[in-house]
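Commentary on secondary and tertiary structure
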Amino acid sequence: MTERRTRRRREMFEREAELAAVDEALEQLTGNDGGALLAFSGPAGLGKTTLLAEVRRRAIARSCTLLAARGGEQEQSQPFHVARQLIQPHLAGTCEEELRAALGSWYSIVGPALGLCAPEQGAPPDLQGLRDGLDWVLTHLVVTRAPVALVLDDAHWADPESLTWLAAFASRAEHLPLLLVVAYRPEELPAHAEAFRTLPGRAGHRPLDLAPLTEAAVSTLVRAAVGDHADDAFCREAWTVTTGNPFEAVELTAKVRDKGLAPVGASAPLLAGLAAAQRGEGLVARFERLGPSTVRFGWACAVLGTAIPLELAARVAGLGTEEAADATGRLREARILSAPGEEDDTGLEFVHPLIATALYRAIPDALRVALHGQAAVAVVDAGLGASAAARHLLETHPENDPWVVRTLREAAAENLRAGAPDAARRQLARALREPPDFGERAALLYELGCASLLTEPANTVNHLRAALAEPFDDPALRQGIVIRLAQVLAHSDRLAEASDSLAREIPYTRDVRARLRLQSEQFMWDAFNAVEPDSPARSRRLARLADRLTGRDLTERYVIGLRAWDACLRGEPVATALHHAARALGTEFSWAYEDRGFEVPVLAAMVHMYADRPGRAEELFEAGTAEFERQGWRGAHLSFAYSLRAYIRYRRGLLADAEELARAGLRLAERVGRGTPVHWYSIAILATTLLARGRVDEAWELAREHAFGESFPAAVVFPDSQTVYAELLLARGQTKAAAAELEAVDRRLSPRGIQNPSWCPWRLHLARALAAEDPERARGLADGAVRRARAFGAPSGIGQALRVAAEVAPPGERPALLTEAVSLLSESPAGYELALALTALGTELRDTALLTRAAVTARECGADGLERSAVDAVRALGGGLPCAAAPEGALTEEEAGLARRAAEGDPAVSGPGLSAVCRKLGTDRTGLREALEVFARSSR
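A brief report on the enclosed structure follows. (Residues numbered from 1 in each chain as written. Predicted model: local features only at pLDDT ≥ 70, side-chain atom pairs only at ≥ 80, totals over all residues. Heavy atoms only, no water.)

Focus on the overall build of the chain
Selection criterion: Segments assigned H or I by DSSP are reported as helices when at least four residues long, segments assigned E as strands when at least two residues long, and all are numbered from the N terminus. Buried, partly exposed and exposed residues are distinguished by accessible area as a fraction of the type maximum, computed with a 1.4 Å probe on protein chains only: under 20%, between the cut-offs, and over 50%, respectively. Two residues form a contact once any of their heavy atoms are found within 4.5 Å. Using a 1.4 Å probe, accessible areas were evaluated by the Shrake-Rupley method; residue-level cover was limited to the displayed protein chains. For the purpose of counting charges, residues Lys and Arg are taken to be positive, whereas Asp and Glu are taken to be negative. His and the chain ends are not included. Working definition for charges: the position is that of NZ of Lys, CZ of Arg, CG of Asp or CD of Glu.
For the chain, the helix and strand inventory stands at 47 helices and 5 strands. Its C-alpha atoms give the chain principal-axis dimensions of roughly 115 × 80 × 55 Å. Among the 940 residues that make up the chain, the fraction classed as buried is 58%. Contacts spanning at least 24 positions in sequence make up 66% of the contacts within the chain whose residues lie at least 6 apart. Accessible area for the chain stands at about 38,100 Å²; split by element, carbon and sulfur atoms hold 51% of it. Of note, the chain has its 108 positive side-chain charges centred 3 Å away from the centre of its 126 negative side-chain charges.

Observations concerning unusual backbone geometry
Put simply, Ala146 and Pro147 share a cis peptide bond, and its omega is -10°. Tracing the chain through its elements places Pro147 in the loop between helix 6 (127–144) and strand 3 (148–153). Of note, the bond from Glu434 into Pro435 is cis; its omega dihedral lies within 30 degrees of zero at -5°. Structurally, the position occupied by Pro435 is in the loop between helix 21 (421–433) and helix 22 (441–451). Positioned with a positive phi, Glu14 is a non-glycine residue whose angle comes to about 55°. By the element assignment, Glu14 lies in the segment before helix 1 (16–30). In this structure Glu14 comes out as partly exposed when scored by relative accessible area, which is 29%. With a phi close to 60°, Asn400 is a non-glycine residue in the positive phi region. Positionally, Asn400 belongs in the loop between helix 19 (386–393) and helix 20 (402–418).

Here's the deal with helix 42 (residues 831–845)
Test applied: The span one expects for a helix is its residue count, reduced by one, times 1.5 Å.
If you check helix 42, its first and last C-alpha atoms are 21 Å apart, about what 15 residues at 1.5 Å a residue would give, namely 21 Å. Of all 15 residues in helix 42, 11 are buried, a share of seventy percent or more. Turning to helix 42, its buried residues number three or more, namely Gly831, Tyr832, Glu833, Leu834, Ala835, Leu836, Ala837, Leu838, Thr839, Leu841 and Gly842. Once helix 42 finishes, Arg846 follows within two positions and takes phi at roughly 55°, a positive value.

Quick word on the packing of aromatic side chains
The way to describe two aromatic rings as a pair is by their centre distance and the angle between their planes. Operational definition: Any two of the Phe, Tyr and Trp rings considered here, Trp counted by its six-membered ring, make a pair once their centres fall within 6.5 Å; the pair's planes then place it as stacked at under 30 degrees, edge-to-face at over 60, or tilted in between. Any Lys NZ or Arg CZ that is within 6 Å of a ring centre and within 35 degrees of that ring's normal is treated as a charge sitting over the ring.
Following the criterion strictly, the structure yields 20 aromatic pairs and no others. Aromatic side chains Phe708 and Tyr725 sit 6.4 Å apart centroid to centroid with 75° between the ring planes, which places their arrangement in the edge-to-face category. Here Tyr725 lies in helix 36 (residues 721–731) and Phe708 lies in the loop between helix 35 (696–705) and helix 36, a separation of 17 residues in the sequence. In terms of burial, Phe708 and Tyr725 fall into one category: buried. Members of the aromatic cluster, joined through ring pairs, are Trp565, Trp591, Phe598, Tyr610, Phe621, Phe628, Trp633, Phe640, Tyr681 and Phe718. Taking NZ or CZ as reference, Arg368 lies 5.4 Å from the ring centre of Tyr360, over its face.

Some words on a positive patch on the surface
How we decide: Each patch is assembled from residues with relative accessible area greater than 30% and no salt bridge, linking like charges that lie within 9 Å and nonpolar side chains (Val, Leu, Ile, Met, Phe, Trp, Tyr) that lie within 5 Å. The term salt bridge refers to a pairing of a side-chain nitrogen on Lys or Arg with a carboxyl oxygen on Asp or Glu at a separation within 4 Å.
A surface patch of positive charge is lined by Arg540, Arg541, Arg544 and Arg548. Checked against the element boundaries, Arg544 lands in helix 27 (residues 535–548). Given the relative accessible area of 53%, Arg544 is considered exposed.

Quick notes on the sheet that holds strand 2 (residues 65–70)
Here is the rule we go by: Here, a strand pair is defined by DSSP locating no fewer than two bridges between the strands. For helices, the fitted axis covers only the stretch in contact; all axes are lines through C-alpha atoms, and the angles between them, taken along N-to-C directions, range from 0 to 180 degrees.
Read from one edge of the open sheet, 5 strands run 2-3-4-1-5, paired in parallel fashion. Edge strands, defined here as strands with exactly one partner in the open sheet, are strand 2 and strand 5 (208–209). Sheet topology places strand 1 (residues 36–41) next to strand 4 (residues 178–184); 6 bridges connect them, and they run parallel. Directly across from Ser41, in strand 4, lies its bridge partner Tyr184. The strands that helix 1 touches are strand 1, strand 3, strand 4 and strand 5; relative to strand 1, the one it contacts most, it runs at about 165°. Its contacts with the sheet place helix 2 (residues 48–61) against strand 1, strand 2, strand 3 and strand 4, and it is angled at close to 165° to strand 3.

Structural notes on the packing of helix 43 (residues 848–861) against helix 44 (residues 864–876)
Convention followed: To sort the angles, those under 35 degrees are grouped as roughly parallel, those over 145 as roughly antiparallel, those from 65 to 115 as roughly perpendicular, and the leftovers as oblique. Less than a right angle of anticlockwise turn of the near helix away from the far helix marks a crossing as left-handed, whereas a clockwise turn marks it as right-handed. Ten residues, namely Ala, Val, Leu, Ile, Met, Phe, Trp, Tyr, Cys and Pro, are considered nonpolar, four, namely Asp, Glu, Lys and Arg, are considered charged, and the remaining ones, Gly among them, are considered polar.
At their nearest, the axes of helix 43 and helix 44 sit 8 Å apart, and the two run at 160° to each other. By the criterion of interaxial angle, the relationship of helix 43 to helix 44 is roughly antiparallel. Regarding helix 43 and helix 44, the two cross each other, and that crossing is left-handed. From helix 43, Thr848, Leu851, Thr852, Ala854, Ala855, Ala858 and Arg859 reach across to helix 44, where they touch Leu866, Glu867, Ala870, Val871, Ala873 and Val874. Here the residues of the contact of helix 43 with helix 44 sort into 9 nonpolar, 2 polar and 2 charged.

Overview of the pattern of salt bridges
Opposite charge on two side chains makes pairing possible when the charged atoms of those side chains draw close. Taken as a whole, this structure holds 58 salt bridges when the rule is applied. In this structure, the salt-bridge partner of Arg70 is Glu349, at a minimum N-O distance of 3.7 Å. Taken as a pair, Arg70 in strand 2 and Glu349 in the loop between helix 16 (321–333) and helix 17 (353–362) lie far apart in primary sequence, 279 residues in all. Judged on exposure class, the residue Arg70 and its partner Glu349 are both buried. As a salt-bridge pair, Glu594 and Arg417 come within 3.2 Å of each other at their nearest N and O atoms. Here Glu594 is found in the loop between helix 29 (574–585) and helix 30 (599–610), whereas its partner Arg417 is found in helix 20, with 177 residues between them in sequence. Given the relative accessible area of 43%, Glu594 is considered partly exposed. Within this structure, Glu659, Arg663, Arg693, Arg695, Glu698 and Asp864 form a network of salt bridges that share partners.

A short note on the nonpolar core
For clarity, the threshold we go by: Here, the term nonpolar core denotes a set of buried Ala, Val, Leu, Ile, Met, Phe, Trp, Tyr and Cys residues that are joined through side-chain atoms within 4.5 Å.
By size, the foremost hydrophobic cluster in this structure holds 216 residues, and its most contacted members are Phe297, Phe350, Met606, Tyr610, Phe718 and Trp759. With 11 residues, helix 34 (residues 677–692) is the single largest residue contributor to this core. In contact with Tyr610, other than residues within four places in its own chain, are Trp565, Cys568, Tyr647, Arg651, Phe718, Ser758, Trp759, Phe792 and Ala794.

Considerations on the packing of helix 33 (residues 655–672) against helix 34
Two elements in contact, helix 33 and helix 34, have axes whose closest approach is 9 Å; the angle formed by their N-to-C orientations is 155°. Classified by the angle between their axes, helix 33 and helix 34 sit roughly antiparallel to one another. Here the hand of the crossing between helix 33 and helix 34 comes out left-handed. Of the residues in helix 34, those in contact with Leu655, Ala658, Glu659, Ala662, Arg663, Gly665, Leu666, Ala669, Glu670 and Val672 of helix 33 are Val678, His679, Ser682, Ile683, Ile685, Leu686, Thr689, Leu690 and Ala692.

That is the geometry; function is a separate question.
Below, the structure is given as structure tokens:
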């Protein structure tokens with residue numbers, strides 16, 4: 001149970017339905033029937049806080065662990081303020097060893113966000129990784145301390161980072177021993193928390209809208225406070241002037257009692273004035289009559305927000321300890337601050353947020369700004385850190401103060417590493433307006449660009465270009481700005497601009513190693529530019545440079561890795577590409593260097609896949625994926641990893657695995673955003689996999705749903721998006737449209753010298769598209785692809801090219817081409833391509849044994865459509881049905897001997913025993929030989 005105390009219990013009126021819903025949810029929770037989400041909404045003063053206090057009391061009474069938090073109007077700009085209230089009390093105070101054990105691999109990802117540890121060096125987690133980590137921590141808390149009640153008051157004022165996370169998490173409540181209860185003002189709930197309006201309906205409860213009290217309820221409340229002798233006219237007027245608002249009714253009755261007003265009809269006209277004194281200008285006027293010291297202290301409390309330390313408020317107000325204590329007493333007597341026992345252990349609280357808001361807005365503008373400035377200094381002096389001070393500095397006016405700039409930059413760095421880039425961006429933008437000293441401006445603009453990189457790429461470009469325009473003499477900073485500018489341009493599909501920005505800087509970079517770093521970045525973005533104007537010349541420059549580098553540092557190895565990829569694209573011999581890939585990888589090649597992208601490690605791994613080394617490629621991807629997860633990079637990085645691992649599985653003929661990974665990559669890409677590079681990769685790879693599995697209509701619907709084919713990115717994507725779209729058109733029989741797309745691919749790739757059909761088989765698909773109308777050109781295209789595939793030397797690529805060459809060749813040439821294709825593919829890891837070649841050769845030769853083998857291979861790959869085609873071909877030739885792969889031990893030794901004798905043609909073997917063996921193997925007598933081969937393989 002949390003140490004946080006609940007408030008003094010207050011009697012509630014006309015909330016029976018809401019409390020019944022609470023009791024039902026708690027009964028379900030404590031009866032192990034699952035969790036629930038309850039949302040209470042209503043305008044200010046309708047009793048949401050009182051209702052949630054009762055929820056907390058009842059949850060504790062049922063032995064629930066309580067996680068409680070409250071949004072604050074003044075704390076909205078403080079990231080993870082609500083998340084820390086919820087989780088910190090249950091984890092704070094433990095030693096680092098215990099904390100690491102509790103948080104596991106999420107320690108360095110969520111610890112800084114929750115204020116449990118300092119950020120570690122290295123790149124911060126992305127937003128999705130941080131939310132996944134918070135999900136894990138909360139789920140772990142719920143499971144280990146079940147049942148749990150999570151109560152969030154004033155959700156409309158929760159900080160965006162916490163509220164966005166909780167809104168996304170809310171749907172899980174039903175599936176955990178968790179009751180999640182939120183209260184909010186519907187007119188103030190931000191758009192990113194809309195889930196709280198809709199999720200309760202799916203959970204079986206509508207959001208419960210609190211209604212104003214009826215006249216009868218207000219009458220009961222009045223009589224409970226001032227006596228049963230209060231007459232009807234007095235009570236009716238109390239209801240009228242408060243409009244049934246519970247907060248105003250309670251405050252009015254307290255004022256009636258304090259003034260000793262007789263609760264009779266003759267006093268009723270006085271109630272309107274008393275009610276007005278509880279809100280707006282009347283409240284402020286009443287407050288200001290409490291005396292200058294008390295007013296200053298109240299204003300200081302309003303500026304500080306919630307859970308206000310008395311000493312801190314005294315410092316901000318400029319009062320001594322005794323004066324602050326006296327002011328606190330007077331504010332409590334005036335029912336502005338909560339009385340002792342009504343407030344939490346964490347500090348002073350206002351009786352109601354309406355009071356805090358009214359007082360805050362009544363502070364004269366200049367004084368309010370000054371109080372925020374004093375609060376910032378006091379917060380830092382109290383050891384609460386730059387991040388806590390930053391929310392106050394955001395409310396101050398620029399004064400050219402170096403301390404303000406320094407504090408805001410420190411807070412921004414802390415928040416950026418904790419995973420709150422939006423907060424960091426706000427703080428740095430304010431620091432820029434201070435303004436910073438002349439020599440600091442470029443560095444601050446660079447930091448601002450880094451903070452807005454993921455959320456506002458266009459603004460990031462502007463900030464970084466402005467930084468470069470500043471006069472400063474720091475070569476390392478200038479290099480960092482240029483590299484980050486190129487990165488954001490490239491990720492915005494502006495690859496030519498990325499390259500140009502680097503090209504302009506390289507001639508003016510004096511340091512040799514710094515110049516090489518910039519060259520490596522330019523080579524990388526040029527490699528991804530699908531419309532690079534002079535790709536062959538760039539390739540020659542890259543080859544000359546990489547061939548003389550030894551790989552002595554990371555920059556040299558990146559250049560060598562790009563050389564390996566370039567060799568692969570251009571179809572240089574496999575040995576050359578693998579040689580350079582091995583030089584680049586060395587003994588260790590991280591995918592998560594803070595100041596570098598992950599593109600080159602990915603390219604080095606993909607070289608192994610195209611070179612028929614998929615096992616090594618998967619090994620590298622598994623290591624890279626683990627690094628991404630450790631860093632908390634669970635957005636675009638992880639989507640790329642899943643999608644490209646899916647492509648490796650596709651190339652290996654493991655289509656079911658490929659589809660599963662591709663769908664996981666697409667789910668992550670959807671969270672990053674449509675139209676992003678990672679979205680293109682995931683759609684292209686999933687569509688390719690679905691085509692291989694024979695689900696053409698599903699692949700087409702996927703393409704239509706995601707507008708795949710309406711335009712294509714400027715970046716090089718693998719598999720090539722336009723080529724995949726052409727494959728879709730071919731599979732649907734739209735050969736002319738497919739040919740038009742493939743001709744466009746030719747015009748785009750050929751001038752760049754990208755000739756390797758193992759990387760992009762556009763020539764083979766174009767040959768198929770033209771076979772009927774222009775067979776001569778089709779054969780020329782296929783023959784060219786075969787020559788290039790042989791030059792590269794990967795058996796899978798040669799086998800695929802030979803298979804398609806046979807498809808468009810004269811009948812007499814087909815068997816030889818297909819026989820060689822089957823031979824090469826049998827020695828390669830390309831299981832799906834082997835199944836295609838076996839089907840083609842079996843059909844050409846009318847050989848049931850080959851077709852049976854094709855069907856079995858297709859089944860092992862998960863190529864369902866191809867398997868059906870092969871089975872149909874076997875049946876059409878009068879052969880036996882191909883068998884299913886038999887599990888180990890499916891046949892006894894006696895049954896296996898019987899099957900072997902039958903397969904060898906022994907006429908004495910027949911009858912029910914043989915029939916039973918055939919049923920086990922899924923075939924008939926004519927398919928026993930192939931069935932036994934499969935059985936032997938599966939047994940091994």
